[in-house]
Amino acid sequence: MRMFFGGRRGLVRGTFTKCKYVASAIAGRARGLCGAPNEDKAKEAFMTEYRYDPKSLCADEFINDGEILDSLAYADAHKNDVALCRRILDKARANLHPSADHGAVISHREASVLLACDDPQINQEIKELARQIKLAYYGNRIVLFAPLYLSNYCVNGCLYCPYHARNRAIPRKKLTQEEIRAEVIALQDMGHKRLAIEAGEDPKHNPIEYILESMETIYSIKHRNGAIRRVNVNIAATTVEEYRMLKEAEIGTYILFQETYNKKGYQELHPTGPKRDYNWHTEAMDRAMKGGIDDVGLGVLFGLQGYRYEFAGLIMHAEHLEAVHGVGPHTISVPRVKPAMDIDPNTFDNGIPDEVFEKIIALIRITVPYTGMIISTREGQQVREHALQYGVSQISGGSRTSVGGYNEPVRPHDTEQFDVSDQRTLDEVISWLMDNDHIPSFCTACYRAGRTGDRFMSFCKNGQILNYCHPNALMTLTEYLADYATPATKEKGLAMVKRELLKIPNERTRALTEQHVGEILAGTGNDFRF
């Protein structure tokens, strides 16, 4: 049964679908509005029908299978309509002038039409518009971070991850606080200021108390001039109460990859373990925001299911967060399935070629212009170079995806979550970024100044974030050059800083930035920020 209903974008066709359970709360262990409830909630459960509703807190409504299928059918019917594609692109060009009264101005359905279009000229226009929008919002800065794997113990049976519980070949390891300290010192000695900590889902080995203690350890380490100033957290979906605990521990961004938005495919890929509960997982960002975490990061693992379905679901999730919380995703990650122990990407028949992958990145940038976009060392240098042009604003560098890998002289492979394609050192990555006229940035100022959630979005959508990020990027780059860079990288970087200082429009800000750069180089101060 289908109907039409009004919304922020006008009349949108919605589709009713069956939803297995309805619960009355998203807090605690009630497993989400549509997730499998506990025994008491099961007694209250009843069968009902749902329509697509981006303002709903039920995953089966805000990621509505029928709406996605209708959107893909609409895209197929109109993919050769070049005039329509161009009208959609013209509509998206409003994002060239950031403004608080809009975020994304094209819908998941319109974006799906552009993704389905194979007209060469339209595809070129998509990439060029994405490049321009990225510059309008983020300039030529690229934020750098590193993942830190704390534990590979996991009770789930995810078919695409080597940490799955049935993998008896992988050595299981959990870092002690002393081992975490050694890892963090190794990362600080590279020059990193921002980490994303990762751990498998295992209530026995990796309880929330372990994550909180690890965060406290990481923040406490001040080695030479080093410090980790922002800790992002990528752990399994949890309760509102535990999200509050993460907020109190000064989490940066809470990151949770959806893996796939196709519910049937999701359940097939997660045959065992708590992660099998699609609704509990998909509704996690709403619980995180209820717990006070206002920066959340989305992502799908491209290659598990059809990329067009995943793209539509990802955009719908961003639309949902905007509709309910007034704040879209702080970041969107775009990983692809890669080789790892016990994992062969060829097992999954939904792999996407580089050209399509780059188009997806460009369309995410066009459709969700304010979001930070992340690409990791899963991808090689050439793919990352193209991705930076079309939308990516954050990358990892010098990464090791094994538990305890940074403190080893040779990169270990036995506990890796995925094979690292870009194996360059952080210094090599920074030098490469500058060769391509990108400013490497280690800035964490917005997070520490309280510019998170709707405060960050109001700055970003107005284009005002550029007045903060550009000078902050130059000062944090100078910190790296003074303390960690090779001589060649330092020479190249100082020349870039000198050029880029002239681009700061406000004279007072420019003068202060120039003063702080001099103090950093003289060793009389650091950690300056606007």
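Residue numbers here run from 1 along each chain, matching the order of that chain's written sequence. It should be noted that, the model being predicted, local features are given only for residues of pLDDT at least 70 and side-chain atom pairs only at 80 or more, the latter also being counted only at that level, while totals for whole chains, interfaces and linings use all residues. Excluded from the side-chain calculation are hydrogens and water; included are all heavy atoms of the structure.

Draft legend 1. Geometry of the overall build of the protein. When helices and strands are tallied, the protein shows 21 helices and 13 strands. In the protein, which comprises 530 residues, the proportion classed as buried is 61%. Residue contacts are counted whenever heavy atoms from the two residues lie within 4.5 Å of one another. Across the protein, the fraction of contacts at a sequence separation of at least 24, relative to all contacts at a separation of at least 6, is 74%. Every helix listed is a DSSP run of H or I at least four residues long, and every strand listed is a run of E at least two residues long, numbered separately from the N terminus. With a 1.4 Å probe rolled over the protein chains alone, any residue whose accessible area is under 20% of its type maximum counts as buried; one over 50% counts as exposed, and the rest are partly exposed.

Draft legend 2. View of the packing of helix H5 (residues 108–116) against helix H13 (residues 307–325). Lines fitted to C-alpha atoms define the axes, with helix axes restricted to the stretch in contact, and inter-axis angles between N-to-C directions lie between 0 and 180 degrees. Between H5 and H13, the least distance of the axes is 9 Å, while the angle of their chain directions is 150°. Judged by the angle between their axes, H5 and H13 are roughly antiparallel. Here H5 and H13 pass one another in a crossing that is right-handed. On the side of H5, the interface is formed by His 108, Ala 111, Ser 112, Leu 115 and Ala 116, while H13 contributes Tyr 307, Arg 308, Phe 311, Ala 312, Ile 315, Met 316 and Glu 319. Just so you know how the angles are binned, under 35 degrees is roughly parallel, over 145 roughly antiparallel, 65 to 115 roughly perpendicular, and the rest oblique. In this scheme the crossing of two helices becomes right-handed for a clockwise turn of the near helix relative to the far one and left-handed for an anticlockwise turn of less than a right angle.

Draft legend 3. Quick look at unusual backbone geometry. Unlike most non-glycine residues, Glu 250 shows phi in positive territory, near 70°. For Glu 250, the location among the structural elements is in the loop between helix H9 (240–248) and strand S8 (254–255). Residue classification places Glu 250 among the partly exposed positions, given a relative accessible area of 48%. Of note in this structure, Asp 437 is not a glycine but carries a positive phi near 65°. Mapping Asp 437 onto the fold places it in the loop between helix H16 (426–435) and strand S13 (439–441). Since its relative accessible area comes to 39%, Asp 437 is described here as partly exposed.

Draft legend 4. Region of the structure containing helix H20 (residues 487–501). The span you would expect from a helix comes to 1.5 Å times its residue count less one. An ideal rise of 1.5 Å per residue puts 21 Å on 15 residues; H20 measures up with 21 Å between its terminal C-alpha atoms. Every buried residue of H20 is accounted for by Thr 489, Gly 493, Met 496, Val 497, Glu 500 and Leu 501. In a view along the axis of H20, the buried residues occupy a sector of 125°, so they form one face of it. Looking at H20, the residues exposed on the side facing more than 90 degrees away from the buried face are Pro 487, Ala 488, Glu 491 and Lys 498. Arc, as used here, means the arc of the directions from the helix axis to the C-beta atoms.

Draft legend 5. Structural context of the pairing of strand S6 (residues 194–199). Counting buried residues in S6 gives six out of six residues, a clear majority hidden from the surface. Taking every second residue as pointing to the same face, both faces of S6 are buried, with Arg 194, Ala 196 and Glu 198 on one and Leu 195, Ile 197 and Ala 199 on the other. Note that strand S5 (residues 141–151) and S6 share five bridges and pair parallel. Bridging from a neighbouring strand, Leu 148 pairs with Ile 197 of S6. Remark: the S5/helix H7 (residues 177–190)/S6 crossover connection has right-handed handedness. Two strands are said to pair when DSSP picks up at least two bridges between them. Alignment of S6 against strand S7 (residues 230–234), held across five bridges, turns out to be parallel. The residue of S7 that forms the bridge with Leu 195 is Val 231. The crossover handedness rule: strands pointing away from the viewer, path from first strand over the helix to second strand clockwise, crossover right-handed.

Draft legend 6. Region of the structure containing the nonpolar core. The set of buried Ala, Val, Leu, Ile, Met, Phe, Trp, Tyr and Cys residues whose side-chain atoms join them within 4.5 Å is what this entry labels a nonpolar core. With 142 residues, the main nonpolar core has Ile 211, Leu 246, Ile 366 and Ile 395 as its most contacted residues. The residues contacting Ile 395, other than those within four sequence positions of it, are Ile 142, Val 143, Leu 144, Phe 145, Ile 375, Arg 384, Leu 388, Val 429, Trp 432 and Leu 433.

Draft legend 7. Geometry of H5. With nine of its nine residues buried, H5 lies for the most part within the structure. Buried residues of H5: His 108, Arg 109, Glu 110, Ala 111, Ser 112, Val 113, Leu 114, Leu 115 and Ala 116, and no others.

Draft legend 8. Highlighting the environment of Ile 126. Looking at the element boundaries, Ile 126 is found in helix H6 (residues 120–138). Sequence-wise, Ile 126 and Leu 89 are 37 residues apart; in three dimensions their C-alpha atoms are separated by 7.4 Å. Those residues in contact with Ile 126 that sit more than four places away from it in its chain are Leu 89, Leu 114, Lys 359, Ala 362, Leu 363 and Ile 366.

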